[in-house]
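Secondary and tertiary structure notes
Spelled out, the chains give:
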Amino acid sequence: MKIGVYTCHCGGNIAGTVDCEAVTEWAGRLDGVEVSREYKFMCSSLGQELIEEDIKEYGLDRVVVASCSPHMHEPTFRNACQRAGLNPYFLEMANIREHASWVHKDRSEATEKAMALTAASVARVRYNEPLFARLSPVNQNTLVVGGGVAGIQAALEIANAGYHVYLVEREPSIGGHMAQLDKTFPTLDCSACILTPRMFEVGNHENITMLTYSEVEEVSGYIGNFEARIRVRARCINQELCTGCGVCEEKCPAKVVDTIFEAGLGRRKAVYRPFPQAVPKFPVIDQDNCIWFQKGKCRACEKFCPTDAIDFEQDDRILEIEVGNIIVATGYDAFDARRISQYGYARYPNVFTALEFERMTNAAGPTEGNVVLRDGETQPDSIAIIHCVGSRDVRYREHCSRVCCMYSLKFAHMVHEKLPNATVYNFYIDIRTPGKDYEEFYHRLLEEGTVFIRGRAASITDATLTPEEEGKLIVTAEDTLVGRQRRIPVDMAILSTGLEPRHDSHEVARIFSISCSREGFFKERHPKLDPIATMTDGVFIAGCAQGPRDIPDTVVQGAAAAARVLSIIGKGEVEIEAAKAEVNDLTCVGCQMCIESCPYSAIEHLEERQKARVIEALCKGCGTCVAACLSKSITLYHFTDQQLVAQMRGAMDALFELVPA
Amino acid sequence: MPEDSYEPKIIGFLCNWCSYAGADGAGMARRKQPPNVKIIRVPCSGRVSPELVLRTFMQGADGVMVLGCHIGDCHYGNGNHRTAKRFPVYHRLMDYMGIEKERLWVQWVSASEGQLFAEAVTQFTERLRQMPPMRGKLTTVPSPD
């Protein structure tokens, strides 16, 4: 056995706390170690060449790299081994950065730990066996979940490259939050005007199957070979016949508050399209509010529909599709302003949320673009915009939602434009304008005469102290620049609500076998270098589902996710992890304990021989069967008992040598 | 040997997808922790057989950590359900061998819970410092082969 050990300084990241020279020397004395070297950056091309040359020169048959987490550089060093003709599974890493140098202060402690971890890997690598990754073909179809701007961008990129996309959207139309917005900052483009051409492109694209009013219920399989079950909810509209004329919507007598698209500010019918430019053009019948479904009479829409497209009998459809990759772009929820009771939302009629105001200033919205109080006619003379509602607050959401400052500035601008005589107060903690032309927009607002008060608003109340406050909403705040408590009477208050994870993000994460960060946004593979991939190969994330971001960033991420998918499709096949379980036929007693423990039903029982057998294509290599097997008949390659025990003993032996009990 | 010089030797079996990534996260965020836990990566906490835990104690470990994904978040769907179900098995075997059950720490730590990981390491190390060392308690050490 000839083992090469390579200790990485990682600049000062490791060498700053760990005595790499001592680790190298110690490792050199370990059983079977032929060469032990240290280098400033093992992952650099020179570092990798060092390994490759040693493999050839010394005939190394095992390699241990003591550096960062294998999640970071295992593929790098596996490739280096492979280039030098060594099976990549003969590589083992010792994580002396994330698990040692970065979490300890004391140099001797960190060095001892690094030694023990290195010794453990050296002891283990001896038992590593050559394994061969299986190549599996990639299905060229892609599933994009979420029809907001991130999903639209991703779907179009892939479809334009000539590959098929299934775009699944929960609501009756694609468009997402962006379709609701009036203007986009800082250019003040009409949001719908720039988005709808993209929506139509999606709707008419020959490579896109758009599944609106649908949800993904289950996903199985692995990269290149996913199977997804999608529930296409009943629209109760025959799409073959419907022309999208809108007569049904006109004639429907059931009016309900539209809490989704109009953010509660407007109403819609029970049969409806969320907005005039909806894609697809077909309406849906909201069965919870339809008089026919609830009370068994009406059918007005059916009577008036010129093409007989209403179909009350329609059922949900279950669609099973096969795809190679998945992009999850499910967006965000707006923070529920009712949670902060001192701001009085839903108690004082003239306190609005940002989305409500967005609909209000929109010419296609419920007030036809007029900025008015809840009564629908009175124009306000003074408006307070409260920043950071639910954001940057340890009681609600600690994170900065990144877009609120900018849209609050935009609101102020809209008010100045529509009501030139109105006064606008912005209550802010900090003004955060990181983006192209964003700071310039802030300066423009300063010139337009918006009043900025630096201080988190304490409350909004109607309890008046002076005659001038009578009939007004009073915003109280500490003006931290003046160092004084202030009470500002206004006619209208707008709460700049933050972005938070979808209420069901955890359930959705489970469907796609991805995980959520502490806040509930989907967790990326690496926060800096891989914010698009997830720990599950073939599942990518884009847009606000990963964290709050503005439209340009969302578009970038949607396109980036598409690029990642296209590179996998372009390659045509993927390497499937070689670590699989295998049953030893000689010792298996056929007790079937393993079958019960396998999460994938990947073990079958051979009746006639009373033996278990692993179905290789289904096995994902978790190893629960190994732990369940009573006769020690199952081996999980690359995580064998022998390897794990050797690793554990390597660590323990080293510890007793370094720190005798 | 003076009481205060004793440093518990702990082996942690961490699932690759959540807890190992959580420990990495603790590193990235520089969450300081005692150096006592030496981490061994396993694909799933469900891979950790009771036998592996016992062997670790027999090797002289003062404590063993088994960390996996939260229930429902398992990369393999429900591999960690087996871990949860095995919990009483670990304890019964440890009891049988005369090892205090406080020496085993099973917890769910997600990839984003670096802080939780560092806290668990700190608490467990602290707990074991209050207990006598294991060395010498178990004498028979079988070969790994």
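Residues numbered from 1 in each chain as written. Chains lettered and ligands numbered in written order. Predicted model: local features only at pLDDT ≥ 70, side-chain atom pairs only at ≥ 80, totals over all residues. Heavy atoms only, no water.

Under the defined criterion, the tally for this structure stands at twelve aromatic pairs over all chains. Ring geometry for Phe335 of chain A and Tyr396 of chain A: centres 5.7 Å apart, planes at 75°, overall edge-to-face. Taken together, the positions of Phe335 of chain A in the loop between β19 (332-334) and β20 (351-353) and Tyr396 of chain A in the loop between β21 (382-389) and α13 (404-418) put the pair 61 residues apart, joining distant regions of the chain. Overall, the relative accessible area of 3% leaves Phe335 of chain A in the buried class. Between the aromatic rings of Tyr428 of chain A and Phe452 of chain A, the centroid separation amounts to 6.0 Å while the plane-to-plane angle is 80°, which identifies the pairing as edge-to-face. With a gap of 24 residues between them, Tyr428 of chain A in strand β22 (residues 423-428) and Phe452 of chain A in strand β23 (residues 451-454) connect regions that are remote in the sequence. Through successive ring pairs, a cluster of aromatic residues spans Trp292, Phe293 and Phe312 of chain A. The residue whose ring lies beneath Arg78 of chain A is Tyr89 of chain A, and the NZ or CZ to ring-centre distance is 4.3 Å. Here the basic side chain of Arg30 of chain B rests over the ring of Trp102 of chain A, its NZ or CZ set 3.7 Å away from the ring centre. (Phe/Tyr/Trp six-rings, centres within 6.5 Å; stacked < 30°, edge-to-face > 60°. Helix = DSSP H or I, 4+ residues; strand = E, 2+ residues; numbered from the N terminus. Buried < 20%, exposed > 50% of the residue type's maximum accessible area, 1.4 Å probe, protein only. Lys NZ or Arg CZ within 6 Å of the ring centre and 35° of its normal.)

Further remarks concern the interface of chain A and chain B. The partner chain B presents 56 residues to the 57 residues of chain A that form the contact. Roughly 5,000 Å² of surface becomes buried between chain A and chain B when both sides are summed, with 61% attributable to carbon and sulfur atoms. Where chain A touches chain B, the interface holds four salt bridges. Note that Asp641 of chain A and Arg47 of chain B form a salt bridge whose closest N and O atoms lie 2.9 Å from each other. Along the contact surface separating chain A from chain B lie 20 residue pairs in polar contact (both at pLDDT 80 or more). (Contact = heavy atoms within 4.5 Å. Buried area = accessible area lost by both parts, 1.4 Å probe. Salt bridge = Lys/Arg side-chain N within 4 Å of Asp/Glu carboxyl O. Polar contact = N/O pair within 3.5 Å; in protein donor to acceptor, adjacent residues only side chain to side chain.)

Take the domain arrangement of chain A next. Assigned domains of chain A: these are domain 1 (3-131), domain 2 (134-233 + 316-331 + 517-571), domain 3 (247-304), domain 4 (336-500) and domain 5 (581-637). Here the C-alpha centroids of domain 1 of chain A and domain 4 of chain A sit 56 Å apart. (Domains from an automatic or database assignment.)

Turning next to the side chain of Ser515 of chain A. By secondary structure assignment, the location of Ser515 of chain A is in the loop between α15 (505-511) and β29 (539-541). Residue contacts for Ser515 of chain A: discarding those within four places in its chain leaves Ala509, Phe521, Phe522 and Lys523 of chain A.

Turning to the sheet that holds strand β18 (residues 325-328) of chain A, a few remarks are in order. All names here are of chain A. One open sheet accounts for five strands, arranged β10-β7-β6-β18-β29; its pairing is parallel. If you trace the sheet from one side to the other, it starts and ends with β10 (208-211) and β29, each paired once. Taking each pair of neighbouring strands and ignoring which way they run, the sheet shows an average axis angle of 20°. Across four bridges, strand β6 (residues 142-145) lies against β18 in parallel orientation. Considered in β18, the bridge of Thr142 is made with Asn325. Most of the contacts of helix α6 (residues 149-160) go to strand β7 (residues 165-168), to which it runs at about 165°, and overall it touches β6, β7, β10 and β18. (Pairing = 2+ DSSP bridges. Axes fitted to C-alpha atoms, helices over the stretch in contact; angles between N-to-C directions.)

Residues and elements named next belong to chain A. Within the element layout of this structure, Val490 appears in strand β26 (residues 484-490). It is 5.3 Å that separates the C-alpha atoms of Val490 and Leu473, two residues lying 17 residues apart in sequence. Residues contacting Val490, with those up to four places away along its chain left out, are Ser382, Ile383, Ala384, Tyr425, Lys472, Leu473 and Val475.

What follows is about the confidence of the model for chain B. On average, residues of chain B carry a pLDDT of 89, and 89% of them reach 70 or more. Of the two predicted TM-score estimates for the complex, the pTM is 0.85 and the ipTM is 0.93. (pLDDT = per-residue confidence, 0-100.)

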